[in-house]
Each structure stands twice: as structure tokens, then as C-alpha cells.
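# Close look at the chain arrangement
Here is what each chain is made of, one letter per residue.
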Amino acid sequence: MSEPDTELTATLRRIERAAGALATASVARMDETLPWFRALPADQRSWVMLVAQAGARSLVQWLRSGGGTADSTQEVSDEVFATAPQALARSISLQQTVALIKVTIDVVEEQVPHLAAPGEEPQLREAVLRFSREIAFAAARVYARAAESRGSWDARLQALLVDALLRGDSPDVLASRAAALGWTDAPPVAVAVGRSPGGEVSAVLHTVYRHARRIGVEVIGGVHGDRLVIVLGGAADPVAATGELLDAFGEGPVVVGPAVPSLDEATESARAALAGFRAAPAWPSAPRPVPAADLLPERALAGDAEARRRLRHDVYATLVRAGGELLETLDAFFTAGGTLESAARALFVHPNTVRYRLRRISEVTGFSPLSARDAYALQVALTVGRLDPVVTVVPTQTLAPGVRKTSQTSDDHDRSL
């Protein structure tokens, strides 16, 4: 078989014979000059050796195809990297790959005087420089495809994790999927829900991750129908952190669930955020974002059992336990239209007594009757508490003979809802 017509025919034969030695010398130089390369496992170092050998063969093939000429547009085939598994691209960054290519090219350039046939050294040196550029472009293409593939897979995995979170799957399922995404579970963890801006899911999530990196929080996101669900980790104030991510959401309310210690317990935060998102239209002037806890009245009216339970236990039952005078005062205050003096006259007490009791109500419930928004929450709590009363447990020994105990504890009543 005749030798192809090329300007470097004699040189090509020399390079072919020296391909193995060039690869060995390149890997030895990498080991000498790149500390991170020395730390690679033995199997990954052997993969690099295979790529170096393929690179030497690729140089010969590229030159045979006319790549060494000044007006050539011949590209280096990406197959030079096909000798190594895709796992190598996940273990070695693009920046590190460029460093490996530079070391290899340096070794080849040093050997140009020995590889080039007489009179062909300038052409070979110029060809090696062009080849180094093309091999760098080939590496960039390989990493770009790997990144696209990994990005698509990560998006699917994140969607599955968010779906599992919303369904309330077991902590083991959540932990395994989160680990595959590199989630470190930095506390606290909270879930934010808002409307998706629409468009490609990858573009939506890219905006989320860009803003999250800027503020230094960990996120996992997913688009479910028209909703964008974001899990935040490591944000000391999840509501404030969500405020920095508002550009990623579409129009409408954005609701943040309560902070929990870890992803294992994030289902609670997700349920509260979703319930708040469904109920948020009932409060048109709500801040954006708004904590799910601030939407307890709307959530209760929308049928959220957890919101009803919290209003009944944390507000109504607390007032009952604090003494009937607080509940009586609150009723009188609301009946008087929020006028303190009128409430005092109805109760036959001094206005200062009413003021004191209203302060006590604020202290024990966390809601101030003097705030219009808090007063609304208190009124809904009174309604819920009276519709779903907390029943006092009757001690068994006080029951008359033959009378069956029918009273429920408040916890039993909660679980029955």
C-alpha cells in the first residue's frame, strides 16, 4: 500500500514509531508536575495513559488527512477521548483536562527535533501548535455533551425528588435521591412554592441555581405543572433567601413552608407551602414571599386540616387554658368593633383591664387583637375552636357505672380530622 501524499511523509513514520514512548513520557511528566494527577486512583491514571496514546495516533491521522497544512480546516475527531469511560469526565474537570493536554503538547514539542525528518522541523512544530488548538476544542465538545447529558439527568432526578417530597415518600427514598444530586443537607431546610414562569424547565432551573449560587444556599428545584417548587438548604432565613430567588418565579404568590432540621422532615414544610399557595389568593395584599404560617386563616378556610389544628390548639385551646376572662374579653372586643372603651363597658371593667388582657392574649397566642391581620386570624381561630372544640378528658373513675366513656382527647380529635 502506497504512502498518502503529504508534506510530512517521513516525519509521520517517525511519529508512529514513537507514539508509545511519547504517551509514556507525557504521563510521567503529568505525574511530576501535576499534584492532583498523582492523587488520582490507579484506574483513572491508566485511562489517561490510554487517552495519551490515542492522542499520539490522532496526531498522525490528523496529519495524514491534511491537518498540518496552513489552510486546513480539518478538525480532530472527538473519538480521541472515546478510549476512556465517561466516568473520567466526571472525575477530571475541563480545566484539568486542558492541563493534561498542555503537558502532552509540551512533551511532543520538545521531541520535535527528534521526530521531524531533515528539513521538516518547522512544518511539524507549526502543525503541533494547530493540533493542540484542535484537541482542546475536541475536549470542550466532549465536556459540553457530558454537561448537557448530566444536566438533563439531574433535572429528571430533581423532579423525581421533589415529587417524592410532595407525596411524602419515606426518608430513605428522599435521602438516596438527594445524595445522587450531591445534596449536603445543610440545615435548616425549607420548601418554597410559587408559579413557574413557563418555558423550558432547564432554563427555569438554571435561573434558580444561578441566584442560589450568588447568595450561597443549597437548592433543589422542580416544575410540577404550573408550579415551581424549590427546596432550600443552609439558609438561616428561608423567607429572606426566597426573596432573593423571586426572579425565578412567575407572577403570583410565593409561599415558604416552615424551616425543618433536615430533608427527612421537609415533607411537613412542603405540605404547608402547597396549602399556603392554594389559599394565598384569598389574601391579595400578602407579602411576596409570604410564610405559610401567616396564611393559617386562609388555609383553614380552604380546608387545610393542619391549619385548623394549629388554630384550634395553638390559639383557641391556649386561650381556654389561660382562663375564661381572656376569651370573654376577646369576644367583647370583637363585638365592640375593636373599640376598647365599648368592650370595657360591656365587661364592666376599667379600660386598662381590657388593655392588659389584650396584651396577655398577644403574649400567649402570638397574635395581637390590635392588628387587623392578627385580629382576623384570632376570629377564625375562635370559629374553628368552637366548631371543633377541645374536649376535656373525663377521668375513668368519675364515670357512673355502666356509662361508656365517649370523650376524646384533643390529640385524638386532631387525628380524626
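Above this text you will find the structure in question.
Remember, predicted model here, so these are calculated numbers, not experimental data.

### Section: the overall build of the protein chain
When you go through the protein chain residue by residue, the secondary structure sums to 17 helices and five strands. Across the 417 residues that make up the protein chain, the buried fraction comes to 43%. Taking the contacts inside the protein chain whose residues are at least 6 apart along the sequence as the reference set, 66% of them involve residues at least 24 apart.

### Quick look at the pairing of strand β1 (residues 189-195)
Counting buried positions along β1 yields six of seven residues, so the element is predominantly enclosed. Inspection of the sheet shows β1 paired to strand β3 (residues 227-233) by seven bridges, in the antiparallel sense. When the sheet's bridge partners are listed, glycine 194 is paired in β3 with leucine 228. Sheet topology places β1 next to strand β4 (residues 255-256); two bridges connect them, and they run antiparallel. Considered in β4, the bridge of valine 193 is made with valine 255.

### Here's the deal with helix α8 (residues 201-215)
With 15 residues, α8 extends 22 Å between its outermost C-alpha atoms, agreeing within 8% with the 21 Å of an ideal straight helix rising 1.5 Å per residue. With its phi angle positive at about 75°, glycine 216 sits one or two positions after the end of α8.

### Brief notes about the side chain of glutamate 218
Note that glutamate 218 resides in strand β2 (residues 218-224). Arginine 213 is the oppositely charged side chain nearest to the buried, salt-bridge-free glutamate 218, at an N-O distance of 12 Å. A polar contact of 2.5 Å, which involves the side chain of glutamate 218, links it to the backbone nitrogen of threonine 184.

### Side note on the sheet that holds β2
The strand order across the open sheet built from five strands is β2-β3-β1-β4-β5, with neighbouring strands paired in mixed fashion. On the outer flanks of this sheet lie β2 and β5 (290-291), each paired with one strand and no other. Strands β2 and β3 of the sheet are contacted by α8, whose axis makes an angle of about 155° with β2. Contacting β1, β3 and β4, helix α10 (residues 266-279) crosses the sheet at an angle of about 25° to β1.

### Focus: the environment of arginine 13
With respect to the secondary-structure elements, arginine 13 resides in helix α1 (residues 9-33). Assessed through its relative accessible area of 38%, arginine 13 is described here as partly exposed. Sequence-wise, arginine 13 and leucine 115 are 102 residues apart; in three dimensions their C-alpha atoms are separated by 9.0 Å.

### Side note on the packing of aromatic side chains
Evaluated as defined, the whole model comprises two aromatic pairs. Ring centres of tryptophan 36 and phenylalanine 37 lie 6.3 Å apart, and the angle between their planes is 85°; on these two criteria the pair is classed as edge-to-face. The class for tryptophan 36 is partly exposed, based on a relative accessible area of 24%. Overall, the relative accessible area of 0% leaves phenylalanine 37 in the buried class. With a centroid separation of 6.2 Å and an interplanar angle of 50°, the aromatic rings of phenylalanine 333 and phenylalanine 334 are classed as tilted. Phenylalanine 333 sits in the buried class, given a relative accessible area of 3%. You can call phenylalanine 334 buried: its relative accessible area is 18%. The ring centre of tryptophan 283 lies 3.5 Å from the NZ or CZ of arginine 373, which sits over that ring.

### Section: the side chain of serine 26
By the secondary structure assignment, serine 26 is in helix α1. At a separation of 2.8 Å, a polar atom in the side chain of serine 26 contacts the main-chain carbonyl oxygen of leucine 22. Ignoring anything within four residues of it in the chain, the contact list for serine 26 reads Val103, Thr104 and Val107.

### Brief notes about the packing of helix α13 (residues 324-335) against helix α16 (residues 372-387)
Direction vectors running N to C along α13 and α16 enclose 120°, while the axes themselves pass 12 Å from each other. Relative to α16, α13 is oriented oblique. Viewed along their axes, α13 and α16 form a crossing whose handedness is left-handed. Across the interface between the two elements, Leu327, Leu330, Asp331 and Phe334 of α13 pack against Ala375, Leu378, Gln379, Leu382 and Arg386 of α16. For the contact of α13 with α16, the per-class residue count stands at six nonpolar, one polar and two charged.

Definitions and limits used
- Residues numbered from 1 in each chain as written.
- Predicted model: local features only at pLDDT ≥ 70, side-chain atom pairs only at ≥ 80, totals over all residues.
- Heavy atoms only, no water.
- Helix = DSSP H or I, 4+ residues; strand = E, 2+ residues; numbered from the N terminus.
- Buried < 20%, exposed > 50% of the residue type's maximum accessible area, 1.4 Å probe, protein only.
- Contact = heavy atoms within 4.5 Å.
- Pairing = 2+ DSSP bridges.
- Expected span 1.5 Å × (residues − 1).
- Lys, Arg positive; Asp, Glu negative; His and termini not counted.
- Salt bridge = Lys/Arg side-chain N within 4 Å of Asp/Glu carboxyl O.
- Polar contact = N/O pair within 3.5 Å; in protein donor to acceptor, adjacent residues only side chain to side chain.
- Axes fitted to C-alpha atoms, helices over the stretch in contact; angles between N-to-C directions.
- Phe/Tyr/Trp six-rings, centres within 6.5 Å; stacked < 30°, edge-to-face > 60°.
- Lys NZ or Arg CZ within 6 Å of the ring centre and 35° of its normal.
- Parallel < 35°, antiparallel > 145°, perpendicular 65-115°, else oblique.
- Left-handed = near helix turned anticlockwise from the far one by under 90°.
- Nonpolar A, V, L, I, M, F, W, Y, C, P; charged D, E, K, R; others polar.

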